[in-house]
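Reading the structure
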Amino acid sequence: MTIQFGVGTQGTEIDDRVLALPGPFVVLHPDAGVLSQMVGKRVLVRWFTQPMLEQNPEQLGHDAALWWNSLPRITRDTTEMVLDNELNLWYEFGVSESQQGSIETIEGYRTIANWKRRAYKAFRDEAPDCRLHFGAFAPGHKEDGPDNAPWGWFECLEAHALTDVEDIHSYWHPDGAGLRDELQWWDSAFRFFRPIGYK
């Protein structure tokens, strides 16, 4: 497995200083005008704009694929897609803040896994050549069972199989300890997945 770091941007906040940084870039809005500024850069477009429960996954996958297929070939070659973002957060999932705990359960992750699988399959059926990313979960939330197995990710294996890239959100910590702890957790997660066929 290779770890590659990307640069996140709000899409409209593009200037020469940003473009001078190494990619890949994360563009939060599918704006063709922004993409035209990034010729020669590898770009990841985040399609997700509304809470999960407010969106039909098949329709979202279809709409995203339709947009990607409409890009010029030279742009498609360097444009990757992620269809969702941190679905284990209450406002991304689509419930009230007081219900955050209900997401961090096996039933909550099964709901997420089903939605991801349906959205990814719809997208993959119509845009098989696009590099599709598995949308990252928010760090710092309960994803582990009592045996420390990452069962939140385990529930999503069918969705994982439909994607090409695993996204990880590791937020900056001034002393570096938090990032180190997250990377150690991910190392154990991938060690867990490999024996059961995780690619």
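Here's a quick rundown of the structure.

Thresholds applied
- Residues numbered from 1 in each chain as written.
- Predicted model: local features only at pLDDT ≥ 70, side-chain atom pairs only at ≥ 80, totals over all residues.
- Heavy atoms only, no water.
- Helix = DSSP H or I, 4+ residues; strand = E, 2+ residues; numbered from the N terminus.
- Contact = heavy atoms within 4.5 Å.
- Areas by Shrake-Rupley, 256 points an atom, 1.4 Å probe, with all protein chains shown as cover.
- Expected span 1.5 Å × (residues − 1).
- Buried < 20%, exposed > 50% of the residue type's maximum accessible area, 1.4 Å probe, protein only.
- Arc of directions from axis to C-beta.
- Polar contact = N/O pair within 3.5 Å; in protein donor to acceptor, adjacent residues only side chain to side chain.
- Pairing = 2+ DSSP bridges.

**Overview of the overall build of the protein chain**
Across its full length, the protein chain holds ten helices and six strands. For the protein chain, restricting intrachain contacts to residue pairs at least 6 apart in sequence, the fraction spanning at least 24 positions comes to 60%. Of the roughly 10600 Å² of accessible surface on the protein chain, 53% is carried by carbon and sulfur atoms.

**Re helix 3 (residues 57-69)**
Because each turn of an α-helix spans 3.6 residues, side chains separated by three or four positions in sequence point in the same direction. For helix 3, built from 13 residues, the straight-helix expectation of 18 Å at 1.5 Å per residue is met to within 8% by its first-to-last C-alpha distance of 18 Å. Looking only at helix 3, the buried set comprises Pro57, Leu60, Gly61, Ala64, Ala65, Trp67 and Trp68. Summarising the axial view, the buried residues of helix 3 lie within an arc of 160 degrees, below the 170-degree limit, and thus occupy one face. The backbone nitrogen of Glu58 lies 3.0 Å from a side-chain oxygen of the residue at the head of helix 3, namely Asn56.

**Notes on the environment of Leu83**
Within the element layout of this structure, Leu83 appears in the loop between strand 4 (79-82) and helix 5 (90-93). Note on Leu83: relative accessible area 0%, which makes it buried. For the pair Leu83 and Leu132, spaced 49 residues apart in sequence, the C-alpha separation works out to 8.2 Å. Leaving out residues up to four positions away in the same chain, Leu83 has contacts with Trp47, Phe48, Leu60, Gly61, Ala64, Trp115, Ala119, Tyr120, Phe123 and Leu132.

**A look at the pairing of strand 4**
Of the two faces of strand 4, the one carrying Thr79 and Met81 and the one carrying Glu80 and Val82 are both buried. The pairing of strand 4 with strand 5 (residues 132-134) spans two bridges and is classified as parallel. Note that in strand 5 the partner of Met81 across the bridge is Leu132.

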